[in-house]
Amino acid sequence: MQGAQRWLRAIGKTASRLVFGEPVTHLYCLCWNEAPMLPHFFRHYDPLVDRYFIFDDGSTDGSLDLLRQHPKVSLRRFQCEGDSFVASARAFYHSAWHESRGRADWVLLVNIDEHLHHPEGRDYFRRSLRKGYRVLPAKGYEMVSDSFPGGEAPLHMTVKNGVPSAVFNKLCAFRPDAIKRIGYGAGRHEAVPAGRVIAPPRVKLKLLHYKFLGASYVIERYAQLRERMRPGDRARQWGKHYFQDTDAITRSHRSILSQATPVPGL
């Protein structure tokens, strides 16, 4: 009986949000020294997200000040355990979102440089809720620019060129009350969710990965991130792209830049 009552209360909350207001969206992510990207991140997600749960891993570059100043951010500490950062992050993403059950209609699990995009913005999530979808897979794109962007416009309005990337075809948006287990692989590049898994017939959400924002930015960021890789990561070759030399990174950036075309819908 108590279980049924909890279910009815949850259904009632969802129904009232649909009738009287917007669906509630929570976002979970990890952060470490992301001061250059955080303004772009918030500019993109603020119209969509009601509450950010950001777990910082000891930033020293001013990221903490930016996070503390944002009124929607619940700032917490991420503690990497064991010999693998990637495995520790995967364990985090498996369970951190559980506290949004009964509190949010959607949860988003992303990295700071991963921007989920649909031209309709919040309306897309509202319609998906009404249609009964429980998971919203995204088609991935590796975005690219000559140099790191400035300005106040969202990145999807200023950096519009990219190449399709199956590596970033991720499941980052789902209903927390419907999913029992998300079942991520390393880096969230695969997911085998369990529960009431109902997806749209066509993938309309895009995941825009903003890493190749100028060769110098990539070189500096990879140098930082390679120092975060632990023995277990190196043994499994997780994060191996961080160990490329400067020439290889520059060639990769030039190659993506030469192949990139305007991403549909931006």
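Since we're looking at a predicted model, the values are computed, not measured.

What counts as what
- Residues numbered from 1 in each chain as written.
- Predicted model: local features only at pLDDT ≥ 70, side-chain atom pairs only at ≥ 80, totals over all residues.
- Heavy atoms only, no water.
- Salt bridge = Lys/Arg side-chain N within 4 Å of Asp/Glu carboxyl O.
- Helix = DSSP H or I, 4+ residues; strand = E, 2+ residues; numbered from the N terminus.
- Buried < 20%, exposed > 50% of the residue type's maximum accessible area, 1.4 Å probe, protein only.
- Phe/Tyr/Trp six-rings, centres within 6.5 Å; stacked < 30°, edge-to-face > 60°.
- Lys NZ or Arg CZ within 6 Å of the ring centre and 35° of its normal.

Undergrad: Got a minute to help me understand the pattern of salt bridges in this structure?
TA: A side chain of one charge can pair with a side chain of the opposite charge when the charged atoms of the two come close. Here the structure, examined in full by the defined rule, presents 14 salt bridges. For D65, the salt bridge goes to R68, with nearest N and O atoms at 3.8 Å. Here R68 and D65 lie together in helix α3 (residues 63-69), a separation of three residues that amounts to about one turn. Residue class for D65 comes out partly exposed when judged on its relative accessible area of 46%. Residue R68 is classed as exposed on the basis of its relative accessible area of 57%. One salt bridge connects R76 with E99, and the closest N-O pair in it is separated by 2.5 Å.

Undergrad: Even after reading the chapter, I still don't get the packing of aromatic side chains, so can you show me in this structure?
TA: The relation between two aromatic rings is expressed through the spacing of the ring centres and the mutual angle of the planes. On inspection of all chains with the given rule, the structure shows 14 aromatic pairs. Plain terms: the ring middles of F41 and Y52 are 5.7 Å apart, the flat faces sit at 50 degrees to each other, and that makes the pair tilted. Of this pair, F41 sits in helix α2 (residues 38-45) while Y52 sits in strand β2 (residues 51-56), and the two are eleven residues apart along the sequence. On the basis of relative accessibility, which here comes to 0%, the residue F41 falls in the buried class. Take Y52: its relative accessible area is 0%, and that puts it in the buried class. Ring centres 5.8 Å apart and planes at 80 degrees place the aromatic pair F78 and F92 in the edge-to-face group. Of this pair, F78 sits in the loop between β3 (73-77) and α4 (85-95) while F92 sits in helix α4, and the two are 14 residues apart along the sequence. By relative accessible area, F92 is classed as buried at 9%. Taken together, the aromatic side chains of F55, F78, F85, F92 and Y93 make up a single cluster linked through ring pairs. Over the ring of W106 we find R175; its NZ or CZ atom is 5.9 Å from the centre of that ring. Geometry around Y93 places R188 over its ring, the cationic atom sitting 4.8 Å from the centre.

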